[in-house]
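# Examination of the molecular architecture
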Amino acid sequence: MRRQVIISILLLLLPCLALPAREPGTASFRFGIEWGSCSTLYTAMHQNYTVEDGYRVDENHAGGTFIGNAQMLANVGVNITPHIALAAYSGLTGISKDFRVVPLTLRGTYFFKDMHCDGMLCYLDGGVGLKCKNLSDICTLLSAGTGYHLALSRAVSLEFLACVRLTLDRPDIMDPDTGKAIPAENIRVNNARYGALNFSVALSF
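Residues numbered from 1 in each chain as written. Predicted model: local features only at pLDDT ≥ 70, side-chain atom pairs only at ≥ 80, totals over all residues. Heavy atoms only, no water.

What follows is about the pairing of strand β1 (residues 29-50). In the sheet, β1 pairs with strand β2 (residues 56-81) via 21 bridges, with the strands oriented antiparallel. Opposite I33, over in β2, you have A74 as the bridge partner. What sits between β1 and β2 in their antiparallel hairpin is a turn of five residues, with G54 showing a positive phi close to 105°. (Pairing = 2+ DSSP bridges. Helix = DSSP H or I, 4+ residues; strand = E, 2+ residues; numbered from the N terminus.)

Put into structure tokens, the structure is as follows:
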């Protein structure tokens, strides 16, 4: 598991370090911070396992929820063209109740106008989340978003963002009788999905 985390970090950082400057007057590297709210609106879970006493449990439920959380992110990346930027993100974000992660994601952003002008943008973001309760345990994070880009100067911008985020996880399963963790060999299905709507403000340099 630790090897997977290290490989993920290297894959996220490699594109940001390898690409050279493209055009005179266009910043090669970009840095930024982002903060905002995370509202989990949908939760689905299916778990099928055998407890220590030998009987099988099958739990399958899905439905609307509302669990409010927050996020704070920092990023480093590159401006590939005046319309396209690529950046690696990390920080702290909430997924559900008592479920927070350190995200390691890669985001590709497209600016409908030149990034040095005001205008709309859209982006795709994906990677892993290191669970705060156990950093060796990870989940998958996928996001698609849009927003408005304000060019405060040629080097500084302010962005108002909204995105839909999907989190895929395999949570620990506890034996309802003993309180002990169910061993992996006794688990047939263990899938959890969380859908969230996030709003944030970003400052880029």
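From this point, things continue past the structure.
Let's shift gears to empty space enclosed by the protein. Under the definition given, this model contains two cavities of 30 Å³ or more. What the largest cavity holds in volume is close to 170 Å³. As for the largest cavity, its lining consists of 15 residues, of which Q71, L73, R107, D125 and S143 are closest to the centre. Secondary-structure elements contributing two or more residues to the lining of the largest cavity are β2, β3 (84-96), β4 (99-111), β5 (119-131), β6 (138-151) and β7 (157-169). The element that contributes the greatest number of residues to the lining of the largest cavity is β4, accounting for three residues. Within the lining of the largest cavity, the residues separate by chemical class into six nonpolar, five polar and four charged. In this model, the second largest cavity occupies a volume close to 130 Å³. Elements that contribute at least two residues to the lining of the second largest cavity include exactly β1, β3, β4, β5, β7 and β8 (187-204). Residues belonging to the lining of the second largest cavity are distributed by class as follows: 11 nonpolar, four polar and four charged. (1 Å grid on protein atoms, 1.4 Å probe; cavity = no way out; pocket = protein on both sides within 12 Å on 5 of 7 lines; lining within 4 Å. Points joined across faces, edges and corners; volume = space filled by probe spheres on them. Nonpolar A, V, L, I, M, F, W, Y, C, P; charged D, E, K, R; others polar.)

Moving on, we get to the pairing of β7. Burial along β7 is one-sided: the residues S157, E159, L161, C163, R165, T167 and D169 are buried and none of L158, F160, A162, V164, L166 and L168 is. In terms of strand pairing, β6 meets β7 through 12 bridges, oriented antiparallel. The partner of G147 across the bridge, within β7, is L161. Counting the residues in the hairpin turn of β6 and β7 gives five residues. (Buried < 20%, exposed > 50% of the residue type's maximum accessible area, 1.4 Å probe, protein only.)

Take the environment of S96 next. Here S96 is to be found in strand β3. Judged by relative accessible area, which is 9%, S96 ranks as buried. Separated by 98 residues in sequence, S96 and Y194 place their C-alpha atoms 7.7 Å apart. Non-local contacts of S96, meaning those with residues more than four positions away in its chain, are made with T40, I67, N69 and Y194. (Contact = heavy atoms within 4.5 Å.)

The pairing of strands in a sheet happens through backbone hydrogen bonds and is either parallel or antiparallel. What the eight strands build is a closed barrel, ordered β1-β2-β3-β4-β5-β6-β7-β8; its pairing is antiparallel. Along the sheet, successive strands turn relative to each other by an average axial angle of 20°, direction set aside. Where β7 lies against β8, 13 bridges are found, and the strand directions are antiparallel. Looking at the pairing, L166 lines up with G195 of β8. (Axes fitted to C-alpha atoms, helices over the stretch in contact; angles between N-to-C directions.)

Applying the stated rule across the entire model yields four salt bridges. Measuring nitrogen to oxygen at the nearest pair gives 3.2 Å for the salt bridge that ties K131 to D137. Across the pair, exposure class does not vary: K131 and D137 are buried alike. Residues joined by salt bridges that share partners form a network here, namely E34, R107 and D125. (Salt bridge = Lys/Arg side-chain N within 4 Å of Asp/Glu carboxyl O.)

On to the side chain of S204, then. Among the structural elements, S204 can be located in strand β8. A polar contact is formed between the side chain of S204 and the side chain of R30, at a distance of 3.4 Å. Every residue in contact with S204, bar those within four places of it in the chain, is listed here: R30, F31, G32, A155, V156, S157 and E159. (Polar contact = N/O pair within 3.5 Å; in protein donor to acceptor, adjacent residues only side chain to side chain.)

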